[in-house]
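# Structural overview
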Amino acid sequence: MRLAGLIVLSALFAVDAASAEIPQAERRSGYSFMAPDTRAMQDDDTINPGMLWVLDGEKLWARKSGVTNKACADCHQDARASMKGVAAHYPAIDKALGRPVDLEQRINLCRTTHQQATPLPYESRELLALTAFVAQQSRGAAIEPGNDPQLAPFVAKGRELFMQRQGQLNLGCTNCHDENWDKRLAGSAITQGHPTGYPLYRLEWQSLGSLQRRLRACMTGIRAQAYDYGAPELVELELYLMSRARGMPLEAPAIRP
Amino acid sequence: MASALINVPAKAKRGDIIEIKTLMSHIMETGYRHTATGEVVPRDIITSFACRYNGTEIFRADLFPAIAANPFITFFTTATASGKFEFEWIGDNGFSETASASITVE
C-alpha cells in the first residue's frame with residue numbers, strides 16, 4: 001500500500017515537472033528581458049564590446065600555431081563560409097571521444113590534434129576570441145542540436161541535472177528558469193535560461209564569458225559546488241539547454257546585464 | 001591583443017554634424033581590488049584619449065578608475081573637410097594604441 005502510494009506520488013511529481021516546462025510559443029531569449037539601453041548595445045556592432053573579441057578571433061584564425069605550424073584558416077579557409085551555422089549545432093558528438101564536446105572543447109581538440117599546439121585555458125582571452133569569432137558566423141541561425149541518436153542519453157543526463165535540486169539553497173535550475181521566469185530576483189529579471197548568445201558580454205563581468213562560466217556562477221549562487229570547467233556534467237547541461245532552445249536564433253556575441 | 005572599433009560616417013555633407021563612436025579593448029583594472037591572498041591588483045587603466053581631425057585636436061578626455069572595462073567614447077563634430085580622423089589611447093604600463101578612419105566631405 002505504501003509502495004503504491006509512493007508510485008502515485010512520484011507519478012504526480014513527474015507530471016508536475018513535465019508541465020513546468022515552457023511551451024514552445026512562450027519561449028523568450030534573454031534579450032527580450034533586457035532594458036532598451038542594453039538591447040541597443042547588442043543591436044549595434046560598433047557599440048557591442050563582444051565584437052572586440054570577434055576582431056581578435058579573426059586575427060587568431062589566421063595565425064599559425066603549434067608543431068605543424070598551421071592556422072585554423074589553412075584547413076577551414078574563410079570562416080565566413082566554412083563556419084556558417086556550425087555553432088548552432090554544438091555541443092556535438094566527438095567520434096573519437098564518444099561523448100559530446102562544446103565549441104570551446106572542439107577548438108581545443110583541433111589545436112591539440114591538428115595543430116599539435118597546447119590547448120587554450122578556459123576563459124582565456126584567446127579561447128573566448130576564437131569561440132566568439134566562430135559563433136558569430138552563425139548569428140541568426142536557428143539553434144539545432146544534432147539529431148544524432150548518440151546524443152540522446154547525454155541530453156537526458158543534462159535534463160536530469162537541470163531538474164535536480166542541489167546546494168544549500170536546495171534549488172534546481174528548473175525552479176527558477178521553468179517555474180519563475182516571469183518574476184524577478186531582487187532587481188534582476190529571472191530569464192528562461194536559453195543559451196542563445198554565448199559567448200556573451202556580461203556587463204557584470206565587464207568581459208566576454210562562456211556558457212560554462214554562466215552555469216558555474218548559477219551553481220555558486222545556489223550554494224552548490226560548481227563543476228570544474230570542461231566537466232562532462234557541464235557539457236551535458238549545455239547540451240540540454242541547447243535542445244531546450246531548439247529553433248531559437250543564435251545572437252552571439254550577445255550582451256547581457 | 002588590443003583592438004578598437006571605430007564608427008565614423010564614410011560620407012557627409014559640409015557642415016553636417018556627425019557622430020563618432022569609439023570602443024577600445026582594455027581591462028580598466030581599478031587598483032582598488034585585492035586577490036584572494038590580500039595583495040592589491042595593481043592599477044591598469046587608460047588615462048587619456050584624444051581625437052585629431054586632419055591634424056587638429058577636436059576632442060580629448062581623461063579617464064579614471066571608475067570607468068568600466070572596454071571604454072566606449074562617443075562625441076559629435078562638424079564635418080568640415082575630407083580627410084582623416086586619428087584616435088589615440090594612452091594608459092598605464094606603457095599602453096598606447098592608435099586607430100584612424102577616413103571621411104569624404106562633399
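Cut-offs applied
Residues numbered from 1 in each chain as written. Chains lettered and ligands numbered in written order. Predicted model: local features only at pLDDT ≥ 70, side-chain atom pairs only at ≥ 80, totals over all residues. Heavy atoms only, no water. Helix = DSSP H or I, 4+ residues; strand = E, 2+ residues; numbered from the N terminus. Rg over C-alpha atoms; globule rule 2.2 N^0.38 Å. Buried < 20%, exposed > 50% of the residue type's maximum accessible area, 1.4 Å probe, protein only. Contact = heavy atoms within 4.5 Å. Areas by Shrake-Rupley, 256 points an atom, 1.4 Å probe, with all protein chains shown as cover. Lys, Arg positive; Asp, Glu negative; His and termini not counted. Charge placed at Lys NZ, Arg CZ, Asp CG, Glu CD. Axes fitted to C-alpha atoms, helices over the stretch in contact; angles between N-to-C directions. Parallel < 35°, antiparallel > 145°, perpendicular 65-115°, else oblique. Nonpolar A, V, L, I, M, F, W, Y, C, P; charged D, E, K, R; others polar. Salt bridge = Lys/Arg side-chain N within 4 Å of Asp/Glu carboxyl O. Polar contact = N/O pair within 3.5 Å; in protein donor to acceptor, adjacent residues only side chain to side chain. Buried area = accessible area lost by both parts, 1.4 Å probe. Expected span 1.5 Å × (residues − 1).

## Considerations on the overall build of chain B
A count of helical and extended segments in chain B gives zero helices and eight strands. Scaling as 2.2 N^0.38, a compact globule of 106 residues should have a C-alpha radius of gyration of about 13 Å, whereas chain B reaches 16 Å, well beyond that. C-alpha extents for chain B along the principal axes are approximately 60 × 20 × 20 Å. Within chain B, the fraction of its 106 residues that count as buried is 41%. A sequence separation of at least 24 residues applies to 58% of the contacts in chain B between residues at least 6 apart. Total accessible area computed for chain B in this model is approximately 5700 Å², and 52% of it derives from carbon and sulfur atoms. Considering chain B, the positive charge centre built from 9 side chains and the negative charge centre built from 12 side chains are found 9 Å apart.

## Some thoughts on the overall build of chain A
In terms of regular secondary structure, chain A is built from eleven helices and seven strands. In summary, chain A has a C-alpha radius of gyration of 19 Å against a globular reference of 18 Å for 257 residues, a match within 12%. On the principal axes, the C-alpha backbone points of chain A span a range of 70 × 45 × 30 Å. Looking at chain A as a whole, 47% of its 257 residues are labelled buried. Here chain A displays about 12600 Å² of accessible surface, and carbon together with sulfur accounts for 58% of that area. Charged side chains of chain A number 29 positive and 28 negative; the gap between the two group centres comes to 2 Å.

## A word on the packing of helix α6 (residues 103-115) of chain A against helix α7 (residues 125-136) of chain A
Two quantities define a packed helix pair, namely the angle between the axes and the distance from one axis to the other. Residues and elements named next belong to chain A. Viewed as axis vectors pointing N to C, α6 and α7 meet at an angle of 110 degrees, and their least axial separation amounts to 10 Å. Of the possible angle classes, the one that applies to α6 and α7 is roughly perpendicular. Taken together, the residues of α7 that come into contact with α6 (itself represented by L103, E104, I107 and N108) are L127, L130, T131, V134 and A135. In terms of residue class, the contact of α6 with α7 is built from six nonpolar, two polar and one charged.

## Examining the side chain of D102 of chain A
All names here are of chain A. Within the secondary structure, D102 sits in the loop between β2 (99-101) and α6. No salt bridge is formed by the buried D102. Its closest oppositely charged neighbour is R99, at 8.3 Å. Within polar-contact distance, the side chain of D102 engages the side chain of Q212 at 2.9 Å. Leaving out residues up to four positions away in the same chain, D102 has contacts with Y90, P91, Q212, V235 and E238.

## Focus: the interface of chain A and chain B
Accessible area lost upon the coming together of the parts serves often as the stated size of an interface. Of the residues lining the interface, 17 residues belong to chain A; the matching set on chain B comes to 14 residues. When the two sides are added together, the surface that chain A and chain B hide from each other amounts to roughly 1200 Å², 61% of it contributed by carbon and sulfur. Between D44 of chain A and K21 of chain B there is a salt bridge whose closest N-O contact spans 2.9 Å. Taken together, the connections running from chain A to chain B amount to seven residue pairs in polar contact (both at pLDDT 80 or more). Contributing elements (two or more residues each) for the side of chain A that touches chain B: α3 (50-61) and α7 of chain A. Broken down by element, the residue count for the side of chain A that touches chain B peaks at seven residues, all from α3 of chain A.

## Structural notes on α7 of chain A
At 3.6 residues per turn, the α-helix brings residues three or four places apart onto the same side. Residues and elements named next belong to chain A. Across its twelve residues, α7 extends 16 Å between first and last C-alpha, which sits within 8% of the 16 Å expected from 1.5 Å per residue. Along α7, ten of the twelve residues are buried, which leaves the element largely enclosed by surrounding structure. Looking at α7, one finds that the buried residues are L127, L128, A129, L130, T131, A132, F133, V134, A135 and Q136.

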